Amino acid sequence: MIVAGRSDGEGVRLVLETEEAMLLSELADQVDSVLLLGEVDDPALGRLLPSAYPDDRAASHEFERYTRDSLVDGKRQAAQRVRDATAAHEGEGVVQIELDESEAWGWLTFLTDLRLILAERVGVVEEGESESDETRDDYLRAAYEWAGFVQGSMLEVLDPISS
């Protein structure tokens, strides 16, 4: 994967191998699945939609009542935009995606959500730390790290001053 600035300087250009585009599309499906079908007690869903008032059940429930649907909709839309952009390009060796700044920030939302889910699934408590010395799933850990690389690369292009 190559992440670069667009020629007009406004946004991001991604160059992905077809397999990387397919992987992103599949991962977007997984994020959408957790948001749509996740059980209330799923810790990954808890990371995506944490309690606003963990010490006040009534206030937390009231806050969730007014915000949850719009938060879930926004996260699902971000995943859908990734799926749309990475739709299979049969016969092509690479997939080039041009994102304006707004679209790129939407992708960053998706990548954050993806990494939160994957972190829960592989036991990452804090960035780079696992609950135990054993990696629960090498594939998921690799996806977590790869998504972090993509996210970091996009941030460097979008905001080079703070990098």
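Higher on the page you've got the structure.
Described below are features of the structure shown in this document. (Residues numbered from 1 in each chain as written. Predicted model: local features only at pLDDT ≥ 70, side-chain atom pairs only at ≥ 80, totals over all residues. Heavy atoms only, no water.)

Our focus in this paragraph is the packing of aromatic side chains. Under the counting rule described, the total for this entry stands at one aromatic pair. Measuring from ring centre to ring centre gives 6.0 Å for Y53 and F63, while their planes differ by 85°; the resulting arrangement is edge-to-face. Here Y53, found in the loop between α2 (43–48) and α3 (57–85), pairs with F63, found in helix α3; they are ten residues apart in sequence, far enough to count as distant. The class of F63 is partly exposed, set by a relative accessible area of 36%. (Phe/Tyr/Trp six-rings, centres within 6.5 Å; stacked < 30°, edge-to-face > 60°. Helix = DSSP H or I, 4+ residues; strand = E, 2+ residues; numbered from the N terminus. Buried < 20%, exposed > 50% of the residue type's maximum accessible area, 1.4 Å probe, protein only.)

Attention now goes to the side chain of T18. Following the sequence through the fold, T18 ends up in helix α1 (residues 18–37). Not counting residues up to four positions away in its chain, the partners in contact with T18 are E92, G93, V94 and V95. (Contact = heavy atoms within 4.5 Å.)

An order of β1-β2-β3 is seen for the three strands of this open sheet, with the pairing classed as antiparallel. Each edge of the open sheet is held by one strand with a lone partner, namely β1 (2–5) and β3 (94–99). With strand direction ignored, the average angle separating the axes of adjacent strands in the sheet is 15°. Bridge count between strand β2 (residues 12–17) and β3: six bridges; the pairing is antiparallel. In the sheet register, R13 faces β3, and the bridge partner there is E98. Across the sheet, helix α5 (residues 138–158) lies against β1, β2 and β3, angled at about 15° from β1, the strand it touches most. (Pairing = 2+ DSSP bridges. Axes fitted to C-alpha atoms, helices over the stretch in contact; angles between N-to-C directions.)

Moving on, we get to the nonpolar core. Within the largest apolar cluster, 40 residues are counted, with the highest numbers of intra-cluster contacts made by L14, L24, W107, F110, L111, L114 and M154. Those elements that place two or more of their residues in this core are β2, α1, α2, α3, β3, α4 (101–122) and α5. When residues of this core are assigned to their parent elements, the largest contribution, ten residues, is made by α4. Apart from residues lying up to four places away in sequence, L14 is in contact with I2, V3, V95, Q96, I97, L99, W107 and M154. (Core = buried A, V, L, I, M, F, W, Y, C linked by side-chain atoms within 4.5 Å.)

Turning our eyes to something else, we now look at the pairing of β1. Along any regular strand, the residues point their side chains to alternate faces of the sheet. Judged from the four bridges that link them, β1 and β2 form a sheet pairing that is antiparallel. Across the sheet, the residue bridging to A4 is R13, located in β2. The antiparallel hairpin formed by β1 and β2 contains six residues in its connecting segment, where G9 sits at a positive phi of about 80°.

Tallied over the full model, the rule gives nine salt bridges. R13 is paired through a salt bridge with E98; the nearest N and O atoms lie 3.9 Å apart. Pair noted here: R13 is in strand β2 and E98 is in strand β3, with a separation of 85 residues, a long-range link. You can call R13 partly exposed: its relative accessible area is 26%. (Salt bridge = Lys/Arg side-chain N within 4 Å of Asp/Glu carboxyl O.)

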